[in-house]
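Residues per chain, in single letters:
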Amino acid sequence: MPQSADKILDHEKLFREPEYAALLEKKKQDFEFGHTAAKVQQVCDWTKSREYQDKNFAREALTINPAKACQPLGAVFASIGFQKTLPFVHGSQGCVAYYRSHFSRHFKEPTSAVSSSMTEDAAVFGGLNNLVDGMANAYSLYQPEMIAVSTTCMAEVIGDDLDSFIKGAREKGSIPKELDVPFAHTPAFVGSHVTGYDNALKSVLTYFWDGKANAVPALERVPNQSINFIGGFDGFVVGNIPEVRRMFASMGVEHTILCDPSDAWNTPTDGQFRMFDGGTSKAEVENALNAKATVVFQEHSAEKTGKYIAGKGQEVVFLNHPMGVGGTDQFLMEVSRLTGKPVSKELELERGRLLDAIGDSQAYLHGKKFALYGDPDFLLGMTAFLLELGCEPVHVLSTNGDKDWAVKVQALFDASPFGKDCKVYPKRDLWHLRSLLFTEPVDFLIGNSYGKYLERDCGVPLIRLVFPVTDRHHHHRFPTWGYAGGLRVLVSILDEYFEALDLNTGDVGKTDYSFDLVR
Amino acid sequence: MSLTVEEAKKRNQEVIGEVLLAYPEKTAKKRVKHLSVFDEGKTDCGVKSNIKSIPGVMTIRGCAYAGSKGVVWGPIKDMVHISHGPVGCGQYSWGSRRNYYAGRTGVDSFGTMQFTSDFQEKDIVFGGDKKLEKVMDEIQTLFPLNKGISVQSECPIGLIGDDIEAVSKKKTKQFDGHTIVPVRCEGFRGVSQSLGHHIANDAIREWVFDKADGKHPQFEGTPYDVAIIGDYNIGGDAWSSRILLEEMGLRVIAQWSGDGTLAEMENTPKAKLNLLHCYRSMNYISRHMEEKFGIPWVEYNFFGPSRIEASLREIASHFDDSIKQGAERVIAKYRALTDAVIAKYRPRLEGKSVMLFVGGLRPRHVIGAYEDLGMEVIGTGYEFGHGDDYQRTTHDIKDGTLIYDDVTGFEFEKFVEKLRPDMVGSGVKEKYVFQKMGVPFRQMHSWDYSGPYHGYDGFAIFARDMDMAINSPVWGLLKAPWKS
């Protein structure tokens, strides 16, 4: 009997006990009517071949293990970045249950959002009643200062008109006439979660700047010296936004973070559940119109928002998730250019320290081959950082990055001797990447928790730097941006490198050499 | 502070009254029907159920797709399940339910993979049937060892008028009778996951059973053949159940659907008795097998030694003396283990109170396991239960238990605030809310990444986990020492 009260075996060990091993084997032999072990092995080997890769890359319709999610997820992310704002997703209720679970598994935090719970009758008659009742209920329970509406694909397919529905809700008195309700159509069959972030963020700005859906006069822009910062969809937002604030403060830059969920997803355990915490206030949103310029840290997360802001007369600087030394240099110099304030001594010191760390460790990273996947902007920033470390980002793959994005990645390759043998893969998924990892192996993989299946299948160590990270705890609490963030990313890579090296040399009697105490 | 039953009832009624005040009148009138205090002797829990969730109240429920793909079909390991529609549904439900299986993923098993037709605008406008055909072709090319394909419909499919049945039939023919199952589990159907279970059950009947004749001639039946129905092998639950059934002399010919295969499903009509764990999600197919194939079914409960013992005897009562003796043998064999587990943990957990809110069978089935540890369930409710679930629940709950059907985020928070249980068992969306409040919590869908909890081996883990949650030193540190 494997289990005992003294030493309780978890699933990890329990099912490897002889009783269970026999049980599983018998089930397989007697009842599963599966393929022979030889056949399974043969096909397994075949999936690693070049021939399989060609068939795999010839796919036109099937997506397997994608590295993207749908628009409303990004919309909920953006909505949570505003003060006392309740995300309200109009459509089927299961979607909202999914977004909430997905965020909670990553952030290990509550995620509050409501649905208008549309069902068959709403599919036929439209979801007006659901939205009207839903607003009334959500408002009376939670008294949010703002309800930010987005849509699931159901509401989009049947063509519900949010603008008129929300007006209807006001007229019927389900919410106070003056309650702020920005809204965005976020069809899941267009773009990805970063598109949803963009649409939702733009809807908030449009709502406040352009007269609250024709309820009040549009705001007049009175330019000032402040800078707006838009971070984009970012799994490390809890660590990154405070880091950005710190950098701005260090340079004395007056700034507004447009969309800041870093407190909402970082609440303390002190006996009180905070449904809302922190976030960009309405006053900040309104004042942001007057800013001198806006820095968009992730272009693909705020393409439309950025264009809209530029149309108001602000200078908008689009960055692509700058990381590491060169990336952070670029970010800070842009801020310095826009504000006329020099990069602070404090940040200079941090730059030197990051460089110091890279110098100490460069021998271990030089020439190492990487595969990486994730959102388009992250990949641009990470690729540049890897090249700067002397690494080779051999496979750079995105499911939601398109051809234009690929051109930008290629330009990074072309500008570095380490990019010579590297290739970019737009609109591909992790099953494509699996083939690549077999036919053109690399030393390390950078991705999210879904990458652990690749780590296992292809034997390539995974470094988790992409949303969602659901099987490691608390990494998201630390920044990956700025020089300080660069240091953390560097250490993540080095840790994985040294772990892998120890694992590969830890075979007593075989590789007692190379198992070095000092490195 | 321990209340008498009458005091608890009064307090619970007051709490219900308080939460209802927060709603608009129209909503309060609806919600009042879902909240109740159990009166012993009644044949149900006094709540309405399986009714549409109210918009805007942060229901914990999911959708029909979650019920079909996430629960019933997804765990069938040797089939490829297509999340048909936009990318999100498949992405969020990818690998998160912990349906353990043994197999070579990506080669002969596909459980922890996400296959999607990733609908784009043109697919909505022009229809997705052509794309679906191509998706199936590509599956056949890249995964030649798959035993079948299921099409798990997402919301748009039913709205744009796609004919996934026609595509499935056409492709079955083209692939020499390959099993292809279209499932109409669009998320907007019904009021929760529950209709998805039903639709998924119906799809098995229509697209698996009706086509299974003569498929496995090598299968030889015995008088002791049973099938485990409604165990999703979360953290290995079905395995720690199966071991007991086999030890008592039964032959488990199929697992539905955790670690399940298409062949096991196809052979289930050859069972002598169906053993039904999750009544809610798989009673439909059990009733069908009873009507069509004359297979009786029996509900059982493998949480905690008291219920396991009763269930083993109940199951054995359907067989001859050798099995009855087998059941006694198994009970005797594990008694030392359960006694030791209880001796170790009961003193640490005695008198502790629990509030539950889960799906399927758990709001009632786990109560016995808590009671075996000396704990008391003071509130419970179903995410997507029906009237028959609440009737069954009356056998498990105590007089005065607070009952909440399809509880809203607001209600659950207030109930826990007022009743201050020693722990809460619910899902990941609820976990961090209550932990912030300083209330120990275990996820009772995913076993909080632990498990198995079924069977005797699972009970040891269950007891250890409850102890860990409640007696963790972290809850003693909530108040900073400088705060008076």
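Every value quoted in this text rests on a predicted model; they were computed, and no experiment measured them. (Residues numbered from 1 in each chain as written. Chains lettered and ligands numbered in written order. Predicted model: local features only at pLDDT ≥ 70, side-chain atom pairs only at ≥ 80, totals over all residues. Heavy atoms only, no water.)

**What to know about the overall build of chain A**
Right, on to step 1. Counting secondary structure elements, chain A contains 21 helices and 13 strands.
Right, on to step 2. Computed over C-alpha atoms, the radius of gyration of chain A comes to 25 Å, within 12% of the 24 Å expected from 2.2 N^0.38 for 519 residues, which places it in the range of a compact globule.
Right, on to step 3. Judged by the C-alpha coordinates and their principal axes, chain A covers about 80 × 60 × 55 Å.
Right, on to step 4. Sorting the 519 residues of chain A into buried and exposed places 61% on the buried side.
Right, on to step 5. Look at the contacts in chain A between residues 6 or more apart in sequence, and 72% of them connect residues 24 or more apart.
Right, on to step 6. Entry remark: accessible area of chain A is about 19,400 Å², with carbon and sulfur atoms responsible for 52%.
Right, on to step 7. In chain A, 53 side chains carry a positive charge and 67 a negative one; their mean positions are 2 Å apart. (Helix = DSSP H or I, 4+ residues; strand = E, 2+ residues; numbered from the N terminus. Rg over C-alpha atoms; globule rule 2.2 N^0.38 Å. Buried < 20%, exposed > 50% of the residue type's maximum accessible area, 1.4 Å probe, protein only. Contact = heavy atoms within 4.5 Å. Areas by Shrake-Rupley, 256 points an atom, 1.4 Å probe, with all protein chains shown as cover. Lys, Arg positive; Asp, Glu negative; His and termini not counted. Charge placed at Lys NZ, Arg CZ, Asp CG, Glu CD.)

**Quick look at the sheet that holds strand β12 (residues 402-404) of chain B**
All names here are of chain B.
Right, on to step 1. Across the sheet, 6 strands lie side by side as β1-β12-β11-β10-β13-β14; this open sheet has mixed pairing. Single-partner strands in this sheet number two, and they are β1 (35-37) and β14 (441-443). Strand-to-strand twist across the sheet, computed as the mean angle between neighbouring axes with direction ignored, equals 25°.
Right, on to step 2. By the bridge criterion, 3 bridges tie strand β10 (residues 353-356) to strand β13 (residues 423-426) in an arrangement that is parallel. Along β13, the bridge assignment pairs Val-354 with Met-423.
Right, on to step 3. Sitting on the sheet, helix α19 (residues 428-436) is in contact with β13 and β14, with an inclination near 170° to β14. (Pairing = 2+ DSSP bridges. Axes fitted to C-alpha atoms, helices over the stretch in contact; angles between N-to-C directions.)

**As for the domain arrangement of chain A**
All names here are of chain A.
Right, on to step 1. Segmenting chain A into domains produces domain 1 (71-209), domain 2 (227-267 + 276-346) and domain 3 (355-504).
Right, on to step 2. For domain 2 versus domain 3, the separation of C-alpha centres amounts to 24 Å.
Right, on to step 3. Summed over both sides, the interface of domain 2 with domain 3 buries roughly 2,500 Å², with 65% coming from carbon and sulfur.
Right, on to step 4. Along the contact surface separating domain 2 from domain 3 lie 1 salt bridge.
Right, on to step 5. For Lys-408, the salt bridge goes to Glu-299, with nearest N and O atoms at 2.4 Å. (Domains from an automatic or database assignment. Buried area = accessible area lost by both parts, 1.4 Å probe. Salt bridge = Lys/Arg side-chain N within 4 Å of Asp/Glu carboxyl O.)

**A few points about the sheet that holds strand β5 (residues 179-183) of chain B**
What holds strands together in a sheet is hydrogen bonding between their backbones, with the strands either parallel or antiparallel.
Right, on to step 1. If you trace the 5 strands from one edge of the open sheet to the other, you get β1(A)-β3(B)-β2(B)-β4(B)-β5(B), paired in mixed fashion. The open sheet terminates on both sides in strands that have one partner only, identified here as β1 (63-64) of chain A together with β5 of chain B.
Right, on to step 2. Along the sheet, helix α6 (residues 129-142) of chain B contacts β1 of chain A together with β2 (79-84), β4 (148-153) and β5 of chain B; its crossing angle with β2 of chain B, the most-contacted strand, is approximately 150°.

**Looking at the pairing of strand β9 (residues 369-373) of chain A**
Regular strands have side chains that alternate between both faces of the sheet.
Residue and element names in this part refer to chain A.
Right, on to step 1. Within β9, 4 of the 5 residues are buried, which leaves it mostly tucked inside the rest of the structure.
Right, on to step 2. Examined bridge by bridge, β9 and strand β10 (residues 392-397) share 5 bridges and lie parallel to one another. Across the sheet, Leu-372 pairs through a bridge with Val-396, a residue of β10.
Right, on to step 3. With respect to chirality, the unit in which β9 leads through helix α17 (residues 376-388) into the neighbouring parallel β10 is right-handed. (Right-handed = clockwise from strand over helix to strand, strands pointing away.)

**With respect to the packing of aromatic side chains**
Right, on to step 1. One pass over the full model with this rule turns up 57 aromatic pairs over all chains.
Right, on to step 2. Arranged with centres 5.3 Å apart and planes meeting at 85°, the rings of Phe-115 of chain B and Phe-143 of chain B form a pair that is edge-to-face. Residue Phe-115 of chain B is found in strand β3 (residues 115-116), and its partner Phe-143 of chain B is found in the loop between α6 and β4; the two are separated by 28 residues along the sequence.
Right, on to step 3. Residue classification places Phe-115 of chain B among the buried residues on the basis of a relative accessible area of 1%.
Right, on to step 4. Among the aromatic residues, ring-to-ring pairing joins Phe-77, Phe-103, Phe-107, Tyr-197, Phe-233, Trp-265 and Phe-467 of chain A into one connected group.
Right, on to step 5. In this structure, Arg-362 of chain B is placed above the aromatic ring of Trp-447 of chain B, and the distance from its NZ or CZ to the ring centre is 4.0 Å.
Right, on to step 6. The side chain of Arg-392 of chain B reaches across the aromatic face of Tyr-279 of chain B, ending 3.8 Å from its centre. (Phe/Tyr/Trp six-rings, centres within 6.5 Å; stacked < 30°, edge-to-face > 60°. Lys NZ or Arg CZ within 6 Å of the ring centre and 35° of its normal.)

**Examining the interface of chain B and chain A**
Right, on to step 1. Taken together, the contact pairs 117 residues of chain B with 101 residues of chain A.
Right, on to step 2. In total, chain B and chain A occlude about 9,300 Å² of area from one another, counting both sides; carbon and sulfur atoms represent 64% of this.
Right, on to step 3. Contact with chain A buries surface across chain B, with Met-58, Tyr-92 and Lys-436 of chain B losing the most and accounting together for 10% of the total.
Right, on to step 4. Run the count over chain B and chain A and you get 9 salt bridges.
Right, on to step 5. Notably, a salt bridge pairs Lys-134 of chain B with Glu-60 of chain A, separated by 2.3 Å at the nearest N-O pair.
Right, on to step 6. Counting the contacts that link chain B with chain A gives 42 residue pairs in polar contact (both at pLDDT 80 or more). (Polar contact = N/O pair within 3.5 Å; in protein donor to acceptor, adjacent residues only side chain to side chain.)

**A look at the pattern of salt bridges**
Where charged atoms from two side chains of opposite charge approach closely, those side chains can pair.
Right, on to step 1. Considering all chains together, one arrives at 69 salt bridges over all chains under this definition.
Right, on to step 2. Two residues, Lys-436 of chain B and Glu-109 of chain A, come together in a salt bridge whose shortest N-O distance is 2.8 Å. With Lys-436 of chain B in helix α19 and Glu-109 of chain A in the loop between α6 (93-107) and β3 (114-115), this residue pair bridges two chains. A single burial state applies to Lys-436 of chain B and to Glu-109 of chain A, both of which are buried.
Right, on to step 3. Notably, a salt bridge pairs Arg-456 of chain A with Asp-457 of chain A, separated by 3.5 Å at the nearest N-O pair.
Right, on to step 4. Judged by relative accessible area, which is 23%, Asp-457 of chain A ranks as partly exposed.
Right, on to step 5. Connected via shared salt-bridge partners are Lys-27 and Glu-32 of chain A together with Lys-77, Asp-259 and Glu-264 of chain B.

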